[in-house]
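For reference, the chains in residue letters:
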Amino acid sequence: MTLIDLEELRKYPFRYDNYDRKNGSPHFIAGGESVLEYAENLPQIVVPPNEPLTFEALCAMAKRREPVWCCDGDDISAGILCWRNDWSNVPERAANIWLLDRAGGCGIYLVMEFIAHGAKFYKSKPEGT
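Residues numbered from 1 in each chain as written. Predicted model: local features only at pLDDT ≥ 70, side-chain atom pairs only at ≥ 80, totals over all residues. Heavy atoms only, no water.

### So, the nonpolar core
So, step 1. Counting 15 residues, the largest nonpolar core has L58, V68, C70, L81, I97, V111 and F121 as its most contacted members.
So, step 2. At the level of elements, α3 (55-63), β1 (67-72), β3 (94-100) and α4 (111-116) are the ones that each hand at least two residues to this core.
So, step 3. With four residues, the single largest contributor to this core is α3.
So, step 4. Apart from residues no more than four positions distant in its own chain, L58 is found in contact with L53, V68, L81, V111, I115 and F121. (Core = buried A, V, L, I, M, F, W, Y, C linked by side-chain atoms within 4.5 Å. Buried < 20%, exposed > 50% of the residue type's maximum accessible area, 1.4 Å probe, protein only. Helix = DSSP H or I, 4+ residues; strand = E, 2+ residues; numbered from the N terminus. Contact = heavy atoms within 4.5 Å.)

Shown next, in the form of structure tokens:
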């Protein structure tokens, strides 16, 4: 799905109140206006900002085995959170992440260790990466 910024859509330059009446076609403008009117009346989706997830949020997501993006220094990887203790040496159940590396290998790591080394986790891929 492609999201459209409604404010940017409203900046469309060919509108009834702003077109060349001598050389422009009112039929063309009417078509554009009807598309804009339709788009403005579609249900709006509010997209929350893609901010780093808290450890508490990661733990809740791990129990549901949700995907995340992990930014560790200059590297970014997609991974699946999981809630297991048999993959780590921690006695209690803990949030882990299953990651693929660039060579096609995989590993399961403790989320709290990644956070301790400065990694950040996101629900969707951060822009500019």
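There's plenty left to go through after this.
### Here we look at a nonpolar patch on the surface
So, step 1. Taken together, the side chains of L3, I45 and V47 present a nonpolar region at the surface, about 280 Å² in accessible area.
So, step 2. As for its position among the elements, V47 is in the loop between α2 (26-40) and α3. (Patch = residues over 30% accessible without salt bridge, like charges linked within 9 Å, V, L, I, M, F, W, Y side chains within 5 Å. Areas by Shrake-Rupley, 256 points an atom, 1.4 Å probe, with all protein chains shown as cover. Salt bridge = Lys/Arg side-chain N within 4 Å of Asp/Glu carboxyl O.)

### Here's the deal with the packing of aromatic side chains
So, step 1. Applying the stated criterion across every chain yields a total of two aromatic pairs.
So, step 2. Plain terms: the ring middles of Y109 and F114 are 5.4 Å apart, the flat faces sit at 55° to each other, and that makes the pair tilted.
So, step 3. Within the aromatic cluster, the residues linked to one another by ring pairs are Y109, F114 and F121.
So, step 4. Over the aromatic face of W83 sits the side chain of K63, whose NZ or CZ is 4.8 Å from the ring centroid. (Phe/Tyr/Trp six-rings, centres within 6.5 Å; stacked < 30°, edge-to-face > 60°. Lys NZ or Arg CZ within 6 Å of the ring centre and 35° of its normal.)

### Brief notes about the pairing of β3
So, step 1. When you tally the buried positions in β3, you get five out of seven residues, the bulk of the element.
So, step 2. Pairing between strand β2 (residues 75-84) and β3: six bridges, direction antiparallel. Within β3, the residue paired with G79 across the bridge is L99.
So, step 3. Where β3 and strand β4 (residues 106-110) come together, five bridges link them in antiparallel fashion. Across the sheet, residue L100 finds its bridge partner in β4, namely C106.
So, step 4. The hairpin turn running from β3 into β4, its antiparallel successor, is five residues long, and G104 in that turn takes a positive phi close to 95°. (Pairing = 2+ DSSP bridges.)

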